[in-house]
Amino acid sequence: MLDETIIKYINQSVLCWLATSDKDNFPNVSPKEMFTYKGNDTLIIANIASPNSINNISENTNVCVSFVDVFVQKGFKIKGLANIIFKNDADFDLKVKPLIALYSDKFPISAVIEIKVQKVESIQAPSYFLFPEIKENQQIESALETYKVVKR
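Residues numbered from 1 in each chain as written. Predicted model: local features only at pLDDT ≥ 70, side-chain atom pairs only at ≥ 80, totals over all residues. Heavy atoms only, no water.

Chemist: I keep staring at the overall build of the chain and nothing clicks. Help me out?
Modeler: Helix and strand content of the chain: five helices and seven strands. Starting at the N terminus, the α and β elements of the chain follow one another as α-β-β-β-β-α-β-β-α-β-α-α. Once the C-alpha set of the chain is aligned to its principal axes, its extents read approximately 50 × 40 × 25 Å. Taken across its 152 residues, the chain has 40% of its residues classed as buried. The contacts of the chain with a sequence gap of at least 6 include a subset with a gap of at least 24, amounting to 68%. Split by element, the accessible area of the chain, about 9,100 Å² in all, is 54% carbon and sulfur. On the chain, the mean spot of the 17 positive side-chain charges and the mean spot of the 18 negative ones are 2 Å from each other. (Helix = DSSP H or I, 4+ residues; strand = E, 2+ residues; numbered from the N terminus. Buried < 20%, exposed > 50% of the residue type's maximum accessible area, 1.4 Å probe, protein only. Contact = heavy atoms within 4.5 Å. Areas by Shrake-Rupley, 256 points an atom, 1.4 Å probe, with all protein chains shown as cover. Lys, Arg positive; Asp, Glu negative; His and termini not counted. Charge placed at Lys NZ, Arg CZ, Asp CG, Glu CD.)

Chemist: Even after reading the chapter, I still don't get the nonpolar core, so can you show me in this structure?
Modeler: Inside soluble globular proteins, nonpolar side chains tend to come together where they are buried. Counting residues in each nonpolar core, the largest one holds 26 residues, and the members touching the most others are Leu18, Ile45, Val65, Phe67, Ile113 and Ile115. If near-sequence neighbours (up to four positions away) are discounted, isoleucine 115 is found in contact with Leu18, Asp41, Thr42, Leu43, Ile45, Val63, Val65, Gly80, Leu81 and Ala82. With nine residues, the next largest nonpolar core counts Phe92, Val96, Leu99 and Ile109 among its residues. (Core = buried A, V, L, I, M, F, W, Y, C linked by side-chain atoms within 4.5 Å.)

Chemist: What exactly am I supposed to notice about the packing of aromatic side chains here?
Modeler: Working definition: an aromatic ring pair is given by the centre-to-centre distance plus the angle between the planes. Under the defined criterion, the tally for this structure stands at four aromatic pairs. Note on phenylalanine 71 and tyrosine 147: the rings are 6.5 Å apart at their centroids and 75° apart in plane angle, and the pair reads as edge-to-face. Residue phenylalanine 71 is found in the loop between strand E5 (62-69) and strand E6 (74-86), and its partner tyrosine 147 is found in the segment after helix H5 (136-146); the two are separated by 76 residues along the sequence. You can call phenylalanine 71 partly exposed: its relative accessible area is 29%. Connected via pairs of aromatic rings, a cluster forms that spans Tyr9, Phe35, Phe67 and Phe76. (Phe/Tyr/Trp six-rings, centres within 6.5 Å; stacked < 30°, edge-to-face > 60°.)

Chemist: Before we go on, may I ask you to explain unusual backbone geometry in this structure?
Modeler: Glycine aside, residues mostly have negative phi, and peptide bonds are mostly found in the trans state. Positive phi, normally seen in glycine, also occurs at glutamine 73, with a value near 60°. By relative accessible area, which is 21% here, glutamine 73 ends up partly exposed. Even without being glycine, lysine 148 reaches a positive phi, approximately 55°. Counting through the fold element by element, lysine 148 comes out in the segment after H5.

Chemist: Would you explain the pattern of salt bridges in this entry?
Modeler: Where charged atoms from two side chains of opposite charge come close, those side chains can pair. In total, this model carries six salt bridges according to the counting rule given. Between glutamate 114 and lysine 38 there is a salt bridge, with the nearest N and O atoms lying 3.1 Å from each other. One end of the pair, glutamate 114, is in strand E7 (residues 111-124); the other, lysine 38, is in strand E3 (residues 35-38), with 76 residues separating them in the sequence. You can call glutamate 114 buried: its relative accessible area is 8%. A residue is classified by how much of its surface remains accessible, and lysine 38, at 35% relative accessible area, is partly exposed. One network of salt bridges, in which partners are shared, links Lys77, Lys79, Lys119 and Glu121. (Salt bridge = Lys/Arg side-chain N within 4 Å of Asp/Glu carboxyl O.)

Chemist: How should the sheet that holds strand E4 (residues 42-47) be read in this particular structure?
Modeler: Sheet strands associate in pairs through backbone hydrogen bonding, adopting either a parallel or an antiparallel arrangement. If you trace the seven strands from one edge of the open sheet to the other, you get E2-E1-E5-E6-E7-E4-E3, paired in antiparallel fashion. On the outer flanks of this sheet lie strand E2 (27-32) and E3, each paired with one strand and no other. This sheet shows a mean twist of 30° between the axes of neighbouring strands, independent of strand direction. Here strand E1 (residues 16-21) runs beside E5; their pairing, made up of three bridges, is antiparallel. What sits directly across from tryptophan 17, in E5, is serine 66. (Pairing = 2+ DSSP bridges. Axes fitted to C-alpha atoms, helices over the stretch in contact; angles between N-to-C directions.)

Pasting the structure below:
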């Protein structure tokens, strides 16, 4: 499910957004800075300070994660089932290792959220549909200008 293109977007995205809901289906969305993938069917996300996400997953394991390259304005939405591996669980050290390898151990990771991917959908800015002649490099230039990013 996680093919080369999806992995590329995971690697070039700065944040992902984890959507959860409680047992009454009340939604919560939380930004996550530390995330990566394992194999072709699993996302892993560090839980640093998101008690609502953890509580919701404890009540309802259905989640959605989205990530977008803000300059290309494309990305993916992934739906799946989440499992929480807490710091005192026997396999926590093994599960947290890929996150620490990418980001360092200076963050207080209290749990790892492991998501088994069930469905993947692409995300694109509406301008790709409204103006089909637009190319990615034009989209990037437009985003750089809009966000006032200065190239070095």
